[in-house]
Amino acid sequence: MLDIRQIAQDPERFRAALARRGPAVEALDAVIALDVERRQLIVRADTLRHEKSEAEKAMRTADKSSEAFAGFRDRMRQIGEEIRGVADRQRDVDAAMNDGLMRIPNIPDDAVPDGRSSDDNVVLRTWGEKPVFDFEPKEHWAIGEALGLLDFERAAKITGARFTVYKGLLARLERALASFMLDLHTQQHGYTEVLPPFLVNHDSMRGTGQFPKFEEDAFHVDDGLVLVPTAEVPVTNLHRDEILEEVPVRYTAFTPCFRREAGGYGRDTRGLIRQHQFQKVELVQFVAPEDSDAAHEALTGHAEAVLQALGLHYRVVDLCVGDLGANAARTFDLEVWLPGQNTYREISSCSNFRDFQARRARIRHRPADTRKPQLVHTLNGSGLAVGRTVVAVLENGQQADGTVLIPPALRPYLGGLERIA
RNA sequence: GGAGAGGUGGCCGAGUGGUCGAAGGCGCCUGACUCGAAAUCAGGUGUGGGGCAACUCACCGUGGGUUCGAAUCCCACCCUCUCCGCCA
């Protein structure tokens, strides 16, 4: 959520920044108009309430059987009616303005490149090299099914499309990768491990910006709860409505993620790339505003460290405005090389939200100098998407004989196992 | 699921119809004392909104209601704790 006062103060700045995203600008004018009306109503209600409280002071000491007291009482009834009327309108206007604000996306950082789609993203750097094969590399589902360790058909039977059953060493590989990543982030990068609930309420979904715009993308269960689409939601909301004593705060969490993938019907129908349920190790940071750009670079580096340790070739791209998520001010994607698909695929998305989520979720800290609470900046990134890491390990480690070589760094987590056969 | 207790400022905790944005304590800030620190003493210290400002308004779990007036009374809901039942 953007700050209505900043918008009112300098609407042109916001208009220009949002125009880069396209049609989002129009919602801005409606919100500005509602804000003007809102302020007028506040002044009116405050004036009435002031008159009321002055009268109340007089009534405290007045003789309750006097004529003056009776006169006050009648006047007070009248004021009470007026206040109720103004307050009702105020509540409606406030709700409308707030709803509008909640639907306006974040303003992109000036550094975000122009562009309409992922084709316009800018490659910042590349690590490692494409592995060379003396045979035609297969795609991960072919490798997994040939080994008898991936079962899409039975998953479709017991649940439906876009679900998978992992078996044997592949199930263990997923578990090993998660442990490996969590150990790296907690021991080397200063994150505290968190195991949050996998169901959250609507307030949490609003706090991180998934709602109200993307309600149809989530799986809803009864009682108004929602299956988490990412650990970002429960972990960032850990500190909703709080004033943090110290920043930065860094959390990492391994959770399942559930997404309807509404609108993605034709895409990635085979394999593990686009599932309704997948697992992810997430990195979340709460930092002082002046530190968020540096924290963004650092967090991206923490995600990169996983790929480097696994020896997986990847590149880092700076998302253009057209590809940038609604809540983010800036996002760096990590794209791992998948030889079976002969392409780079997103395996991590590292975003700086600045105060956009913090304002929605009311997450603040006390700066040492002022002691006045101030909104923090929030950041998060996958470190990494575990299912897609399994894909990368399979496709990059595949051998001519159908076996898969395990990256050395991961072997301690698999009892020393060197290859999946 | 049943019975009971409770939700008040950064934290603990008092407050049962008006003089309560709220006693007291802890914590924190400033000053005194000290070479310095601790201890002690004095003062200060909630959050958010509106207004150029003086100033003003709201907020005691959430939402309604009663009343001239509600932290305080009534209703609904949410959450926490204790005991019982059930259960991985």
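Residues numbered from 1 in each chain as written. Chains lettered and ligands numbered in written order. Predicted model: local features only at pLDDT ≥ 70, side-chain atom pairs only at ≥ 80, totals over all residues. Heavy atoms only, no water.

1. Brief notes about the domain arrangement of chain A
Then, in step 1: Segmentation of chain A into domains returns domain 1 (4–103) and domain 2 (118–420).
Then, in step 2: A straight line from the C-alpha centre of domain 1 to that of domain 2 covers 43 Å.
Then, in step 3: Listed per partner, the contact involves six residues of domain 1 and 10 residues of domain 2.
Then, in step 4: For the pair domain 1 and domain 2, the two sides together bury roughly 730 Å², of which 50% comes from carbon and sulfur.
Then, in step 5: Of all residues in domain 1, the largest losses of buried area upon contact with domain 2 belong to Arg-21, Met-102 and Arg-103, amounting jointly to 77% of the total for that side.
Then, in step 6: Across the domain 1-domain 2 interface, the total number found is zero salt bridges. (Domains from an automatic or database assignment. Contact = heavy atoms within 4.5 Å. Buried area = accessible area lost by both parts, 1.4 Å probe. Salt bridge = Lys/Arg side-chain N within 4 Å of Asp/Glu carboxyl O.)

2. Things to note about helix α12 (residues 386–397)
Then, in step 1: Look at α12: 16 Å from first C-alpha to last across 12 residues, which is about the 16 Å you get at 1.5 Å a residue.
Then, in step 2: A large share of α12 lies buried, amounting to 12 of its 12 residues. (Helix = DSSP H or I, 4+ residues; strand = E, 2+ residues; numbered from the N terminus. Expected span 1.5 Å × (residues − 1). Buried < 20%, exposed > 50% of the residue type's maximum accessible area, 1.4 Å probe, protein only.)

3. Points about the pairing of strand β12 (residues 343–354)
Then, in step 1: Two strands pair when backbone bridges link them, and strand β11 (residues 330–338) and β12 are joined in this way by nine bridges, in the antiparallel orientation. Residue pairing in the sheet places Val-336 in a bridge with Arg-345 of β12.
Then, in step 2: Taken together, β11 and the strand that follows it, β12, pair antiparallel across an intervening segment of four residues, in which Asn-342 is found at a positive phi of about 55°. (Pairing = 2+ DSSP bridges.)

4. Section: the protein's contact with RNA strand B
Then, in step 1: Close to RNA strand B lie 23 residues; Arg-5, Asp-46, Arg-60, Met-76 and Arg-77 are nearest.
Then, in step 2: Looking at RNA strand B alone, sugar and phosphate atoms form 85% of those within 4 Å of the protein.
Then, in step 3: Between a phosphate oxygen of RNA strand B and a side-chain N or O atom of Arg-5, the distance comes to 2.6 Å.
Then, in step 4: A distance of 2.9 Å is found between a sugar or linking oxygen of RNA strand B and a side-chain nitrogen or oxygen belonging to Arg-364.
Then, in step 5: Among the elements of the structure, α3 (25–61) and α4 (67–103) are those that each provide at least two residues to the surface near RNA strand B. (Near = heavy atom within 4 Å. Polar contact = N/O pair within 3.5 Å; in protein donor to acceptor, adjacent residues only side chain to side chain.)

5. Let's talk about the state of the cysteines
Then, in step 1: Following the criterion strictly, the structure yields zero disulfides and no others.
Then, in step 2: With no disulfide partner, Cys-257 has as its closest neighbouring cysteine sulfur the one in Cys-350, 14 Å distant. (Disulfide = S-S within 2.5 Å.)

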